[in-house]
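Chain residues, written in single-letter form:
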Amino acid sequence: MTDTKQPIVEIKNLSKSYLRGIQTIPVLENINFDIPEGEFLALMGPSGSGKSTLLNLIAGIDKTDTGTIMVGGLDITSMTETELAHWRAVHVGFIFQFYNLIPVLTAFENVELPLLLTWLSRKERREHVEMALQMVGLADRMDHYPSQLSGGQQQRVAIARAIVTDPTLLVADEPTGDLDRVSAEDILGLIARLNQEFGKTIIMVTHDPHAAEKAHTIRKLEKGILNAHP
Amino acid sequence: MHILKLIFRNALRHKLRTFLTILGITIAILAFGILRTLVNAWYSGVEASSSTRLITRNSISLVFSLPLSYKEKIRQVPGVKNVSYAIWFNGTYISEKNFIPNFAIEPKTFLELYPEYLLPEDQKTAFLRDRKSAIVGRKVAERFQWKVGDTISLKGTIFPGTWDFVLRGIYYGAEKSADETQLFFHWNYLNERLKKTTPRRADQTGVYIIGIDNPGQAAEISEAIDNTFKNSLAETLTETEKAFQMSFVTMTEAIVTVVQLVSFMVIIIIMAVVANTMAMTARERIGEYAIMKTLGFGGWHIAVLILGESLVITLTGCVLGIVLTFPAARYFGNTMGNFFPVFSVSTITIFLDIAASFLVGLIAAAFPTWRAVNIRIAEGLRRIG
Ligand SMILES: Nc1ncnc2c1ncn2[C@@H]1O[C@H](COP(=O)(O)OP(=O)(O)OP(=O)(O)O)[C@@H](O)[C@H]1O
Ligand SMILES: [Mg+2]
């Protein structure tokens, strides 16, 4: 395993509950664990066990109740909304189950979107976008709109969008959940390659044991408690 | 790519919806512009009035006349520069629907007091010389295709009989606000015939028009004139031309108020329509806005997207509406020219159009923007799929 490496994510005493009406529903209870740099982690567990919630907390798009999350040495639980937004733009790449591309933008423009928040020039942006699209094998589909692409191709565009800023962390919530076998295989191969060849730290939520096998480590969430995979 | 590109693409996403919304705004701005122009037209007599002219009329009512003998007495009031007089003749040209405002005037002094009515020098001389002649405004001449030398026959209403005039001149306005829709003829011509037919109606006039040098003295001079005729058979009421014109408008003020209210209601209705469009739009895109926020876009980026889209739609409608207002106003002006001597779109109306559109755009986008900016990302993302 990669235990010798410096942890990139450190989670301490993390708890999270949701309010439904007047009832408080605990989702995560006292979670403690580290993710080393360069890790490829698969988070599994039954539906409703809090996988997405945990992933969102690590990625800084949801707020903890108690506990701290350090990413790359920064405590993201103490950041303001605006600080978090800046932090996400620089440090996190997102891959969603439903690709979540902007339908009125071409593949190229979708990938370019996060770069609009940087100081890169037009020309530099173009270079980055082309490189990212090349990496996912879609250089020839740059000018296509999402509706003109297959599910697998759309997910590849989404991956290009996630990696174009060269983030510290890649988070993926059921990235193959909406794809057929072949496309899923294809996307998993791509994600694994990003980990192996480019050393990206990846946290992937999945229901699919076959997908989880691609990861180094599998962790299971059960009723808000994190277990090591047997 | 620029954020503007995304705004335009978003605006064009539902082409039919956007088209209908823009159409609605265009019509609203057009209606607003025409209604404002109508209100302005109503006040055009007031606008065109001069601060150096006073009007003296019978204090009981405009219907009653004043003796011609007052002229000399008025002239002697300190501060009075010159005096003319006019009488509302109300003759009909062929039929009632060919309405032309027409007056019997004392030509020489009248034209001196109304320098905004311009006549070519030869026409003016011809008019002053020929007692049975008349002059008309440019718009009247155009409307009936009259040429200098034509004979015009009016049917008297207040003063019965057929009255023939030779057209000796066509006047035009020195400024845009000048009324070019009237007909003027010699008071003498009227008076001579009255002497023969109904002598008791002779040597009377409707109003005196008084030229003064100093508008600041208008109140004192008016009072002095009215005091002169206190306790006489026909007491007078003197006021500035503006106040005189205003009294006509006041009679119809309720209508003007309604028109004004309607014009603002049109804007409020379209505000509701655009707000509805923007709310629908933003609700559909809440997931997309959540994704953009996930990627690190801030609340104000989202605000710019929604506000921008709303303004693109409203301002497009606004520009189209303004462009259409001009030909529409011209059309209305032509068909109703006899009722409204001046019917032109003012600069203020255009500014109000633009201001209203901005307001509509901003207010319509306010609530969706507030929602999109404040929605929690995790919440927004859950709406997808
Ligand atoms: N915003 C919210 N408000 C209320 N309850 C919520 C909210 N978000 C999540 N939950 C609840 O928290 C629990 C965990 O949800 P989460 O989405 O993390 O589960 P999950 O493990 O990702 O499930 P799935 O495999 O179905 O995606 C669920 O019971 C869910 O209903
Ligand atoms: Mg989930």
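Going by the structure above, here's the rest.
Bear in mind that the values here come from a model prediction, so they are computed numbers and not experimental data.

1. A few points about the packing of helix H1 (residues 3–11) of chain B against helix H13 (residues 299–335) of chain B
Residue and element names in this part refer to chain B.
Consideration 1: One can describe the packing of H1 onto H13 by two numbers: an axis separation of 9 Å at closest approach and a directional angle of 55°. Relative to H13, H1 is oriented oblique. When the axes of H1 and H13 are compared, the crossing they make is right-handed. Between H1 and H13, the residues in contact are Ile3, Leu6, Ile7, Phe8, Asn10 and Ala11 and Val304, Leu305, Gly308, Glu309, Val312 and Ile313, respectively.

2. Things to note about helix H4 (residues 122–135) of chain A
Residue and element names in this part refer to chain A.
Consideration 1: Between its first and last C-alpha, H4 extends 20 Å over 14 residues, near the 20 Å set by a 1.5 Å rise per residue.
Consideration 2: Within H4, the full set of buried residues consists of Arg125, Val129, Ala132 and Leu133. Along the axis of H4, the buried residues cluster in a sector spanning 95°; they form a single face. Summarising the geometry of H4, the exposed residues directed more than 90 degrees from the buried face are Lys123 and Gln134.
Consideration 3: Those residues of H4 that are buried lie in contact with helix H3 (107–112) and helix H5 (151–163).
Consideration 4: Downstream of H4 by a residue or two, Gly137 has a phi angle that is positive, lying close to 75°.

3. Some remarks on the interface of chain B and chain A
Consideration 1: Each partner contributes to the interface: chain B provides 21 residues, whereas chain A provides 26 residues.
Consideration 2: In this assembly, chain B packs against chain A so that about 2,200 Å² is buried in total across both faces, 68% of it on carbon and sulfur atoms.
Consideration 3: Counting every contact that joins chain B to chain A gives 3 salt bridges.
Consideration 4: The partner of Arg376 of chain B in a salt bridge is Asp62 of chain A, with the nearest N and O atoms 3.3 Å apart.
Consideration 5: At the boundary of chain B with chain A, the tally comes to 6 residue pairs in polar contact (both at pLDDT 80 or more).

4. Brief notes about the layout of surface pockets
Residues and elements named next belong to chain B.
Consideration 1: By volume, the largest pocket is sized at about 1,500 Å³.
Consideration 2: Taken together, 49 residues line the largest pocket, and the ones lying closest to its centre are Trp88, Phe103, Phe244, Gln245 and Phe248.
Consideration 3: Those elements that place two or more of their residues in the lining of the largest pocket are helix H2 (15–42), helix H3 (44–48), strand S1 (53–58), strand S3 (80–88), strand S10 (204–205), strand S11 (207–212) and helix H10 (241–251).
Consideration 4: Top element by residues in the lining of the largest pocket is H10. It accounts for 6 residues.
Consideration 5: The residue makeup of the lining of the largest pocket, split by class, is 31 nonpolar, 13 polar and 5 charged.
Consideration 6: Taken together, domain 1 (2–44 + 252–381) and domain 2 (60–234) each give at least three residues to the lining of the largest pocket, which thus spans both.

5. Focus on the sheet that holds strand S4 (residues 66–71) of chain A
Residues and elements named next belong to chain A.
Consideration 1: Ordered in space as S2-S1-S4-S5, the 4 strands form an open sheet in which the pairing is antiparallel. This sheet does not close on itself; its edge strands, each paired only once, are strand S2 (23–36) and strand S5 (74–75).
Consideration 2: The sheet contact formed by strand S1 (residues 7–20) and S4 spans 5 bridges and is antiparallel. Considered in S4, the bridge of Val9 is made with Val71.
Consideration 3: Most of the contacts of helix H1 (residues 51–58) go to S1, to which it runs at about 125°, and overall it touches S1, S2 and S4.

Analysis parameters
- Residues numbered from 1 in each chain as written.
- Chains lettered and ligands numbered in written order.
- Predicted model: local features only at pLDDT ≥ 70, side-chain atom pairs only at ≥ 80, totals over all residues.
- Heavy atoms only, no water.
- Axes fitted to C-alpha atoms, helices over the stretch in contact; angles between N-to-C directions.
- Helix = DSSP H or I, 4+ residues; strand = E, 2+ residues; numbered from the N terminus.
- Parallel < 35°, antiparallel > 145°, perpendicular 65-115°, else oblique.
- Left-handed = near helix turned anticlockwise from the far one by under 90°.
- Contact = heavy atoms within 4.5 Å.
- Expected span 1.5 Å × (residues − 1).
- Buried < 20%, exposed > 50% of the residue type's maximum accessible area, 1.4 Å probe, protein only.
- Arc of directions from axis to C-beta.
- Buried area = accessible area lost by both parts, 1.4 Å probe.
- Salt bridge = Lys/Arg side-chain N within 4 Å of Asp/Glu carboxyl O.
- Polar contact = N/O pair within 3.5 Å; in protein donor to acceptor, adjacent residues only side chain to side chain.
- 1 Å grid on protein atoms, 1.4 Å probe; cavity = no way out; pocket = protein on both sides within 12 Å on 5 of 7 lines; lining within 4 Å.
- Points joined across faces, edges and corners; volume = space filled by probe spheres on them.
- Nonpolar A, V, L, I, M, F, W, Y, C, P; charged D, E, K, R; others polar.
- Domains from an automatic or database assignment.
- Pairing = 2+ DSSP bridges.

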